[in-house]
Amino acid sequence: MPTTKRQLEPVPFTHITFADGFWAPRLELNRTVTIPHIYRQCESTGRIGAFDLNFERPMPSPIVLIFQDSDPAKWIEAASYSLATHPDPELAAWVDLVAEKIIHAQQPDGYLNTHFTVTQPEMRWRNLRDWHELYCAGHLIEGAVAHYQATGQRKLLDALCRYADHIDATFGREPGKKRGYCGHPEIELALVKLYHATQNPRYLKLATYFIDERGRQPHYFDIEARERGEDPAQFWAKSYEYCQAHVPIREQTQVVGHAVRAMYLLSAVADLAHENDDPTLLETAERLWRHLVTRRMYLTGGIGAARQNEGFTQDYDLPDESAYAETCATIALIQWNHRLLQFSGEGKYADIMERALFNGFLSGISLDGAHFFYENPLASAGHHHRQGWFTCPCCPPNIARTLASLGGYFYSTGPNDIWVHLYAQGTAKMQVNGREAHLRQTTNYPWDGDVELQVGTDSPQRFTLHLRLPAWCERWHISVNGEQLSGNNELSTESGYIHLTREWNQGDVVNYRMEMPIRVIWAHPAVRDLQGRVALERGPLVYCLEGTDHPGTILDRIAIDPHNASNEFQVEHDEMGLGGVSVLRGKGTAVDENGWEDTLYRNQQPLSKPIDLTAIPYYAWDNRAPGQMRIWMQARGG
Ligand SMILES: [Zn+2]
């Protein structure tokens, strides 16, 4: 029977350095601006002080305060990752302070949640469907594992182990336990991390229970609602699809409900497919992945079209201007695809990861590092802007922890293999076949597709270097030590990677050129909101128009010639603008409203006038004068 074990092992982010280029300044900004900014926000909003357990709060509390422990937890995780690569005494002192507070908030039985210790102790574990207790526990566990790995200190990890033990004693199929699981998945993937940090199989077993129990009948959320004296039919979200608990996970055929919940759950499903060598879970993940990427994902890697459920609606329902596309959902999409990529190194997962990273994720943070999008629409009439903080501030610390550990998405190793999934200037250190190897990337990616890779090895080593060939790349060239390679024995392309098998020597140089023309993109005919429209992409980047570059023009009225766009648009690198970007400059037309004064309808088509267009990378919008934005433009002609 074929194994469902992962064939690839990610190279940890601590073994990766970024130098100059695209990501290094962003990681530096995350360390020096974003992480301190989030700390101050958590502190000033009482989220850190809450662990002193002496706050007062009206009953019933707003739902966002019920899960406030998750914000400092994600901050600890982000700050710990940052400390792991950049020692910083001041940040270390803040981390220690928050860790101590969390530890002191722990109850004698191991329980650890500020809201249900102070405000509603009688409601502890009584509304798993809505109240995020296990979700908060999951984020605290992830924070504690990161803290332990960065500092070597066990104190926070030990506290969270006691909490996980308490949770394990409370939930399960054994007599006397509740057969519950959280309405907001998160603890499942956190328990797998805790298992790896401690080697205690109890945590893996508990994660497996949470995944397997979800959605079974009689339904736990019905049972606990009746125990609270409520009618389960009155559930505000109407359906347990909202929390992916409508049927057991292996019976689910569509990605439904709240997008972040779906992605965290499916990340744990991928983890457990590997840990338990369970093909039914891998099949489930692959089935739901296919459904998501062919029916319900935005061009930017944004997911979850609707505000109402912060999640999925119908197939092909992908309106651009009202897109919800929460930053956290795209982050979780990246995490899930990174996990799926490790099974057999299929480039389709890295393609989604890269699309999400450069577009729907990176749009979530401003170029100054201190303003954030919660929602990432693909068009705006001018009223959508990043904010310094939110009533529900889940996204900012999620962005910070992703950037602080970004290197972890770039490489993997196999038995005799090095996999390069993403391209950026910098170095990586890894073990192949028990021996150390290094790679140095020199590149301007994503501004062009030239990547030089230099191999470092103590003595000659035979292994396969797998270089990702992105789905957007139709023409490419590769040479090793100046010798051009084409389909010879050393070179095969399969599943989105170029495979170079040879004996590698110290200083060997691979020159890889991915041609990066401007591409015109259409949406599936069933996506009603995007018919007659096209978007521009170059390399991994989705481009958009912004109002500030087109004064006096309503962007919705702009059309381009899709059949001539690659001729009519030129790439122009602007080192000074928007942190250094390649913009696309070209020609289009804009509908003219002259002659329409006092006329609402008439029997003549409006005229169009030529207009010069500038498209910028989508991630960079809303960093200049506030205004309109649009990815999908009208397509002129047939
Ligand atoms: Zn969020």
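Going by the structure above, here's the rest.
Residues numbered from 1 in each chain as written. Predicted model: local features only at pLDDT ≥ 70, side-chain atom pairs only at ≥ 80, totals over all residues. Heavy atoms only, no water.

**Some points on the pattern of salt bridges**
Link 1 in the chain: Scanning the model with the defined rule gives 45 salt bridges in all.
Link 2 in the chain: Between Glu28 and Arg31 there is a salt bridge; the shortest N-O distance is 3.0 Å. Linking Glu28 with Arg31, this pair stays in helix H1 (residues 24-44), spanning three residues, or about one helical turn.
Link 3 in the chain: Overall, the relative accessible area of 34% leaves Glu28 in the partly exposed class.
Link 4 in the chain: Accessibility expressed as a relative area gives 19% for Arg31, which makes it buried.
Link 5 in the chain: Across the pair Asp212 and Arg250 runs a salt bridge, and its minimum N-O distance is 3.0 Å. (Salt bridge = Lys/Arg side-chain N within 4 Å of Asp/Glu carboxyl O. Helix = DSSP H or I, 4+ residues; strand = E, 2+ residues; numbered from the N terminus. Buried < 20%, exposed > 50% of the residue type's maximum accessible area, 1.4 Å probe, protein only.)

**Some thoughts on the pairing of strand S8 (residues 450-457)**
The side chains of a regular strand alternate between both faces of the sheet.
Link 1 in the chain: As paired elements, strand S7 (residues 435-443) and S8 share seven bridges and run antiparallel to each other. Each bridged residue has a counterpart across the sheet, and for Thr443 the counterpart in S8 is Val451.
Link 2 in the chain: Hairpin connection between S7 and S8: a loop of six residues separates the two successive antiparallel strands.
Link 3 in the chain: Sheet analysis places S8 next to strand S14 (residues 509-514), joined by five bridges and oriented antiparallel. Pairing of Asp450 across the sheet is with Arg513, part of S14. (Pairing = 2+ DSSP bridges.)

**Some points on the nonpolar core**
Link 1 in the chain: Grouped together as the largest cluster of nonpolar side chains are 215 residues, with contacts concentrated most on Trp23, Trp75, Met263 and Leu500.
Link 2 in the chain: The element contributing the most residues to this core is helix H11 (residues 259-275), with twelve residues.
Link 3 in the chain: If sequence neighbours within four positions are ignored, Trp75 has contacts with Ile35, Ile38, Tyr39, Leu91, Trp94, Val95, Val98 and Pro397. (Core = buried A, V, L, I, M, F, W, Y, C linked by side-chain atoms within 4.5 Å. Contact = heavy atoms within 4.5 Å.)

**Concerning the coordination of the zinc ion**
Link 1 in the chain: For the zinc ion, the full set of protein donor atoms is Glu326 (OE), Cys328 (SG), Cys394 (SG) and Cys395 (SG), and the range of their distances to it is 2.0 to 2.3 Å.
Link 2 in the chain: In the primary sequence, the donor residues of the zinc ion line up as E-x1-C-x65-C-C. For the pair Cys394 and Cys395, one class covers both residues: buried. (Donors = N, O, S within 2.8 Å, 3.2 Å for Na, K, Ca; no water.)

**Concerning the environment of Thr119**
Link 1 in the chain: The topology assignment puts Thr119 in the loop between helix H5 (114-118) and helix H6 (133-151).
Link 2 in the chain: When its relative accessible area of 12% is taken as the criterion, Thr119 is described as buried.
Link 3 in the chain: Once the C-alpha coordinates of Thr119 and Phe55 are considered, the two residues, 64 residues apart in sequence, prove to be 8.5 Å apart.

**Focus: the pairing of S14**
Link 1 in the chain: Sheet topology places strand S10 (residues 476-480) next to S14; five bridges connect them, and they run antiparallel. Counterpart to Val480 in the pairing with S14 is Val510.

**A short note on the sheet that holds strand S5 (residues 417-420)**
Hydrogen bonds between backbone groups are what pair the strands of a sheet, and the pairing can be parallel or antiparallel.
Link 1 in the chain: Pairing is mixed in the open sheet, where six strands are placed in the order S1-S4-S5-S9-S13-S12. The open sheet terminates on both sides in strands that have one partner only, identified here as strand S1 (9-10) and strand S12 (491-494).
Link 2 in the chain: Sheet topology note: the S1/strand S4 (residues 411-414) ladder contains two bridges and is antiparallel. Its bridge partner being in S4, Pro10 is matched across the sheet by Ser412.
Link 3 in the chain: Each of strand S9 (461-468) and strand S13 (497-504) touches helix H14 (residues 347-361); the most contacted strand, S9, lies at about 55° to it. (Axes fitted to C-alpha atoms, helices over the stretch in contact; angles between N-to-C directions.)

**Some points on the sheet that holds strand S2 (residues 16-18)**
Link 1 in the chain: Strand order in the open sheet formed by seven strands is S2-S6-S7-S8-S14-S10-S11, with antiparallel pairing between adjacent strands. Looking at the sheet topology across the chains shown, the edges are occupied by S2 and strand S11 (483-485). The mean inter-strand angle of the sheet, taken between neighbouring strand axes irrespective of direction, is 20°.
Link 2 in the chain: With seven bridges connecting them, strand S6 (residues 426-432) and S7 associate as antiparallel partners.

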